[in-house]
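# Per-entry structural report
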Amino acid sequence: MINDTLQGRRTVIAIIMSAVIVLYILRLFTIQIIDTRYKEGADSNAFLKKTQFPPRGLIYDRKHTLLVYNKPAYDIALIMREIRGLDTLAFCKALNIDKAEFIQRIEDVKDRRKNPGYSTYTPQLFMSQLSIEDIATIQQSMYKFPGFYIQNRTLREYAYPIGAHVLGSIGEVSQRKIDNDDYYNRGDYAGRDGIEYTYEESLRGEKGVEILLRDAKGRIKGKFENGKKDIAPKAGKNLTLTLDIQLQLLAEELLKGKMGSVVAIEPTTGEILAMVSNPSFNPAILVGRQRSKNYNALLHDPTKPLMNRATQALYPPGSSFKTAEALVCQQMGGINEHTYFQCNGKNSSPIRCTHSHGSPVSLLSAVEESCNPYFWNAFRATIEKDGYGSRNINFRTRYDEWADRMKSFGLGEKFTDSDIYEQSRGYIPTQKYYNKLYRGETGWRAITIRSNAIGQGEVLSTPLQMANLMCAIANEGYYISPHLNRCDSLRKKIHYCKVDKKYFPIVFEAMWRVFDSGTAVASKIPGIDMCGKTGTADNSHGKPHSIFVGFAPRVHPKIAIAVVVENAGFGSMFAAPIFSLLAEQYLTGKIKRPELLERTKNTVTNAYVQER
Amino acid sequence: MSKNVSIKYALDWTTVAFYVALVLMGWISIYGASYNFDQSSIFDFSQRAGSQFIWIMTAFAIGGMLLLVDSRMYDFFAYFIYAFAIILLIFTIVAPNSIAPDIKGSRSWLVFGPVRFQPAELAKIATALALSKFMSSYNYKLKTWKDLLPLGMFILLPIGLIILQHETGSALVFLAFLLMFYREGMNGIVLLLGTFAIVLFVIVIRFSNIPIQVDRGTLGFIAAMLIILLVQVFYAIFFGRNQKEAIILLLGSVVVAAISYVINIWFRVNYNYISIFSIVASCIYWIFVELLNRYRKYWFLILFSIGSVLFCFSADYLFEKVLQPHQQVRIKVLLNMEDDPTGAGYNVNQSKIAIGSGGFWGKGFLNGTQTKLKYVPEQDTDFIFCTVGEEHGFWGSTLVLALYWLFLMRLLKIAERQRETFNRVFAYCVASIFFFHLTINVGMVLGIMPVIGIPLPFFSYGGSSLWGFTILLFILLRLDASRLERMW
Ligand SMILES: [Zn+2]
């Protein structure tokens, strides 16, 4: 045999192994036979850890008006071993559930796949989030149902029946979340969407624990060390939003009977002052036991009330896009403020003009009058400036530059440093996309993609992006990503647009003229210089969408707004008055045009939009 | 056909019998641990015991199949398997969340649809094979310290990767190979030094907060220094065969202690520094003795003393900075430094209560209350031994430990009868791994080891570990069976 000299080491190893096993047997002997402490422990010293739920953080608006708070709620728990002679019918009646539901719930509790911590000796969640009213009947007769207990919880309560899309809601945590985060247990609640989701970790607080002693039969014998080891729950942190509740209320009211959305932002800070999507719903209906029923109804509603149109719906920005187009085309040297182009009105080719005005047109009037042929020519002059080159290389490079500068206004990408959870990307088409669509690098030219010139076709943006575009223009070349939490950290990052400051005044002037003498003259507020731009987005499914974007006042703008009313037709008819009223409310604190307010409120453009 | 016949005769049926017995006892314990009064069948597949039954059946099938593999294959493919295991470990770290999900802070599982497994299990087997192959190569012999270096690389690579997955327990298992190194020629000093380091660490940490006198040194540190001095004295007596020097050393220490005590009446002197001073003085003394008498036997002792002092200095740092907070708490609870009956101490306390309540005869099968009340957490995985202790009492748990002992002794016997170095090294790997798991797991349940979550072989619930242990054992049985092959 090899290694013969080392064979003695087998004995050493055998001794080590034997020693450990002997040591363990001695230890067993001590614990199980000599020491009586542990036997007493088994009879009395068993802990029951009862979770103490913290109150969730409150939510305020920018002026510290309370928006979301908590009201007491109740869970019903059961301990299977302690249930004695249950009168199921009486129990169901007291809880207002039917027998099938009762059986289903008991089965869910027992199912270890759904409830891995199941034990017949410890409290198990039977029903959760009952309100005081739900619990009222059963509370007095609880003694009749041994084995069932009431546990305290809290539910969300809303001071105003609005802002559902911004605030979001709370729902039962998914199995996935329980697996990934030690904080959650089955039956816990967490933010599912909106602000409640984004700020879940700071709003939820920290659970506490109450330690009770129980005997082997599960009977509770009192508090462990008089509660000295209990941990008090830590309340969630309060949250102050950037919303102005007065403005939000007005915006919700103005959108009644219409399908669409409004976003208002403070340009210098990126703080969202109001964000409304209609059709909407009262956030209170997604609280408590009604949640799943109401949620399903909303989910299957053809008008999609659960969708936050302000941040998720995509529209061709239409003429509002021409503001950015004017800036980028100047920057890229395609045009300057003295460039004139021919307009033949309805007979223009390849894009006709929807307005009638003199010809040739200047940049200033083209923005003011929304002249399609002018912007087609400007776009073409910009991206064809260096000719096409071999394999269109010059043209494609110019197009890339154009797309890149457009994106620097916050278009075509999500705001990654924002706290808005639900966001759509929007779209500024890439060179790659066109290469694929038109089969190769030489398959497309300026004329192929002419609708980019006027914000139609493949270009898509959300109302949030349109409002942010207005912020970037109001700030003359930068923006801060729109956000909802009023704190400094979100305000820090400044995004600079790739257009020099000197190109902005002419766009200001043109947008001011829209109110002074152009399409929105009817929505002018006496004494306030406002800048705006009407847009009409073609819609293949029906009447075009009415869009109005702008900011006010012209000097040191304090608010930038985007309004979209779906299927309403021409922009200045429906969207412009909403813009005007919101600006008036925010800048002056009151509305001095009650008849305009009444008329706008009562306009119904979509009879299908239900009130909830 | 002839091959199957030979396997039937050559297979070590005694080991197989131990294996089957342990697996079945484990299965019954899992049933007891997860039993509640509304369910009755041990074959209910929606329950833990039912699914363990499936794992057991598949494990038997895997074991049977492994016996049919040509024994030379393991030698031939050893490095490939090792490389594959390492790649899987790396993949687990870098894989997207959908394949390697984050489960309670550790990313150690790979999930492909319904199949889940822990590459660390494979790494254990692969490392054992690779070490066997390396150490059985023609020109390798474990004699000097240098020979340990390549072996260290084989072990440290998987350890590092598994620690990156935050599975400290599984990583520690690789230390088990030290026992095999010892058998293959590593100096036994390594094991002694390792034990001594643990003792010093425990003493320094355990008494680190207890001052010997206010602001004048801590009990832990001074005690550790005293122990080092004592080791010197014993070394002088038993290895140096020189009692005179030992007595001088003892007297010197007493004098230093007395002087420092007297000085302390008027001035503040930190005893920590005095104890270090004593060690340094003793080392100088040994150097002096060495040079004077032209001895060469005290160099090791001097190195050892200085190393130990440095280790004691870094023990606090290791504890505070290297260990994570939850690991610190587990050790503090084990050393009775922190009373935390609702947190980390809860598991161990409840586990001791459950076992203690079993008494001599136990409460009887399915009659345990502590484990069923869910007082003992993870009672069907890492704390399964509790159920045995509670339901079958002292005699039952002793029986299980005795069975493990017989099993381990049998493995040593098998190891020593191998003619190929590859087979013997692998056999010692297998025995060491089983022994390490047993020591840590049962020690944890009995409250004499810190809480390290590694399974009890064949007992704990779970397919990945049962399969892993089965594969280890049956590769060994296949190798063992081949020992007779040449005769046939
Ligand atoms: Zn025109």
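Above: the structure in question.
Throughout what follows, the structure given in this document is the object of discussion. (Residues numbered from 1 in each chain as written. Chains lettered and ligands numbered in written order. Predicted model: local features only at pLDDT ≥ 70, side-chain atom pairs only at ≥ 80, totals over all residues. Heavy atoms only, no water.)

### A look at the overall build of chain A
The number of helices and strands found in chain A is 21 helices and 19 strands. Residue pairs at least 24 apart in sequence account for 70% of intrachain contacts in chain A once pairs closer than 6 positions are excluded. Here chain A has roughly 26,800 Å² of accessible surface; of this, 51% comes from carbon and sulfur atoms. (Helix = DSSP H or I, 4+ residues; strand = E, 2+ residues; numbered from the N terminus. Contact = heavy atoms within 4.5 Å. Areas by Shrake-Rupley, 256 points an atom, 1.4 Å probe, with all protein chains shown as cover.)

### Describing the overall build of chain B
When helices and strands are tallied, chain B shows 18 helices and two strands. Every one of the 488 residues in chain B was classed for burial, and the buried ones make up 55%. Of the contacts made within chain B by residues no fewer than 6 positions apart, 68% connect residues no fewer than 24 positions apart. For chain B, the accessible area works out to roughly 22,000 Å², and carbon and sulfur atoms hold 70% of it. (Buried < 20%, exposed > 50% of the residue type's maximum accessible area, 1.4 Å probe, protein only.)

### Quick notes on the coordination of the zinc ion
All names here are of chain A. Distances from the zinc ion to its protein donors, namely Cys-343 (SG), Cys-353 (SG), His-357 (NE2) and Cys-371 (SG), fall within the range 2.2 to 2.4 Å. Metal-centred angles of 98 to 119 degrees between the four donor atoms at the zinc ion mark the site as tetrahedral. For the zinc ion, the donor residues sit on a single chain with the sequence spacing C-x9-C-x3-H-x13-C. Overall, Cys-353 belongs to the buried group, its relative accessible area being 2%. (Donors = N, O, S within 2.8 Å, 3.2 Å for Na, K, Ca; no water. Tetrahedral: all angles 85-135°; square planar, octahedral: opposite > 155°, others 65-115°.)

### Digging into the sheet that holds strand 19 (residues 559-565) of chain A
All names here are of chain A. Pairing in this open sheet of five strands is antiparallel, and the strands run 12-11-19-18-17 from one edge to the other. A strand with exactly one partner marks an edge of an open sheet, and here the two such strands are strand 12 (271-278) and strand 17 (531-537). In this sheet, neighbouring strand axes are inclined to one another by 5 degrees on average, regardless of whether the strands run parallel or antiparallel. Bridging between strand 17 and strand 18 (residues 545-552) involves seven bridges; their strand directions are antiparallel. Directly across from Ala-537, in strand 18, lies its bridge partner His-545. (Pairing = 2+ DSSP bridges. Axes fitted to C-alpha atoms, helices over the stretch in contact; angles between N-to-C directions.)

### Quick look at the nonpolar core
Of all hydrophobic cores here, the largest spans 115 residues; its most connected members are B:Phe177, B:Phe181 and B:Phe458. Tallying contributions element by element places helix 17 (residues 421-445) of chain B first for this core, with 17 residues. The residues contacting B:Phe458, other than those within four sequence positions of it, are B:Tyr19, B:Leu22, B:Val23, B:Gly26, B:Phe407, B:Phe434, B:Leu466, B:Phe469, B:Thr470 and B:Leu473. Counting 95 residues, the second largest nonpolar core, distinct from the first, contains A:Cys371, A:Ala453, A:Met470 and A:Ala537. (Core = buried A, V, L, I, M, F, W, Y, C linked by side-chain atoms within 4.5 Å.)

### What about the pairing of strand 19 of chain A?
All names here are of chain A. Among the seven residues in strand 19, seven count as buried, and that is most of the element. Across six bridges, strand 11 (residues 260-266) lies against strand 19 in antiparallel orientation. Its bridge partner being in strand 19, Val-262 is matched across the sheet by Val-563. Between strand 18 and the antiparallel strand that follows it, strand 19, lie six residues; His-556 among them carries a positive phi value of about 50 degrees.

### Focus: the layout of surface pockets
Residue and element names in this part refer to chain A. A volume near 720 Å³ is recorded for the second largest pocket. What lines the second largest pocket is a set of 26 residues, among which Arg-105, Ser-128, Glu-172, Tyr-189 and Ser-292 lie closest to the centre. Breaking the lining of the second largest pocket down by element, the ones donating at least two residues are helix 4 (99-110), strand 4 (124-130), strand 6 (170-172), helix 7 (175-180) and helix 11 (291-300). Among the elements that line the lining of the second largest pocket, the one with the most residues is strand 4, at five residues. Classifying every residue of the lining of the second largest pocket gives eight nonpolar, eight polar and ten charged. (1 Å grid on protein atoms, 1.4 Å probe; cavity = no way out; pocket = protein on both sides within 12 Å on 5 of 7 lines; lining within 4 Å. Points joined across faces, edges and corners; volume = space filled by probe spheres on them. Nonpolar A, V, L, I, M, F, W, Y, C, P; charged D, E, K, R; others polar.)

### Overview of the environment of A:Gly443
On the secondary structure map, A:Gly443 appears in the loop between helix 17 (431-437) and helix 18 (463-474). Spatially, the C-alpha atom of A:Gly443 lies 9.1 Å from that of A:Asn392, the residues being 51 residues apart in sequence.

### What to know about the side chain of A:Arg153
Residues and elements named next belong to chain A. By secondary structure assignment, the location of Arg-153 is in strand 5 (residues 148-158). A residue is classified by how much of its surface remains accessible, and Arg-153, at 12% relative accessible area, is buried. Polar side-chain contacts of Arg-153 include one of 3.2 Å to the side chain of Asp-75. Apart from the residues lying within four places of it in its own chain, the contact partners of Arg-153 are Phe-53, Lys-71, Pro-72, Ala-73, Tyr-74, Asp-75, Gly-187, Asp-188 and Tyr-189. (Polar contact = N/O pair within 3.5 Å; in protein donor to acceptor, adjacent residues only side chain to side chain.)

### Quick look at the pattern of salt bridges
Residue and element names in this part refer to chain A. On inspection of all chains with the given rule, the structure shows 39 salt bridges over all chains. Across the salt bridge formed by Arg-62 and Glu-271, the nearest N and O atoms sit 3.0 Å from each other. Of this pair, Arg-62 sits in the loop between strand 2 (59-60) and strand 3 (66-78) while Glu-271 is found in strand 12, placing the two residues 209 residues apart along the sequence. For the pair formed by Arg-62 and Glu-271, the shared burial category is buried. (Salt bridge = Lys/Arg side-chain N within 4 Å of Asp/Glu carboxyl O.)

### Some points on the packing of helix 17 of chain B against helix 18 (residues 463-481) of chain B
All names here are of chain B. Contact geometry of helix 17 with helix 18 gives a least axis separation of 10 Å together with a crossing angle of 150 degrees. If you check the angle between helix 17 and helix 18, you find them roughly antiparallel. Considering only the axes of helix 17 and helix 18, their crossing is left-handed. Where helix 17 approaches helix 18, its residues Phe-422, Asn-423, Phe-426, Ala-427, Val-430, Ile-433, Phe-434 and His-437 are matched on the opposing element by Phe-469, Leu-472, Leu-473, Ile-475, Leu-476 and Leu-479. Tallied by class, residues from the contact of helix 17 with helix 18 come to twelve nonpolar, two polar and no charged. (Parallel < 35°, antiparallel > 145°, perpendicular 65-115°, else oblique. Left-handed = near helix turned anticlockwise from the far one by under 90°.)

### What about the packing of aromatic side chains?
Describing an aromatic ring pair means giving the distance of the ring centres and the angle of the ring planes. For the structure on display, the rule yields 53 aromatic pairs over all chains. Arranged with centres 5.4 Å apart and planes meeting at 55 degrees, the rings of B:Phe134 and B:Phe154 form a pair that is tilted. Taken together, the positions of B:Phe134 in helix 5 (residues 119-135) and B:Phe154 in helix 6 (residues 145-164) put the pair 20 residues apart, joining distant regions of the chain. Centroid distance B:Phe300 to B:Phe304: 6.4 Å. Interplanar angle 25 degrees. Geometry classified as stacked. In this pair, B:Phe300 and B:Phe304 both sit in helix 13 (residues 299-322), four residues apart, roughly one turn of the helix. Residue B:Phe300 is classed as partly exposed on the basis of its relative accessible area, which comes to 37%. Overall, the relative accessible area of 11% leaves B:Phe304 in the buried class. Taken together through their ring pairs, the aromatic side chains of A:Phe321, A:Phe379, A:Tyr388, A:Phe395, A:Tyr399, A:Trp402, A:Tyr427, A:Tyr433, A:Tyr434, A:Tyr438 and A:Trp444 make up a single cluster. (Phe/Tyr/Trp six-rings, centres within 6.5 Å; stacked < 30°, edge-to-face > 60°.)

### Some remarks on empty space enclosed by the protein
All names here are of chain A. The final tally for this structure, using the stated rule, is five cavities of 30 Å³ or more. By volume, the largest cavity is sized at about 320 Å³. Lining the largest cavity are 21 residues; nearest its centre among them are Pro-54, Arg-56, Thr-154, Ile-170 and Tyr-189. With five residues, strand 5 is the largest single contributor of residues to the lining of the largest cavity. Classifying every residue of the lining of the largest cavity by side-chain character gives ten nonpolar, five polar and six charged. Taken together, domain 1 (48-238) and domain 2 (245-293 + 309-611) each give at least three residues to the lining of the largest cavity, which thus spans both. (Domains from an automatic or database assignment.)

Purely spatial values, then, with no claim about function.
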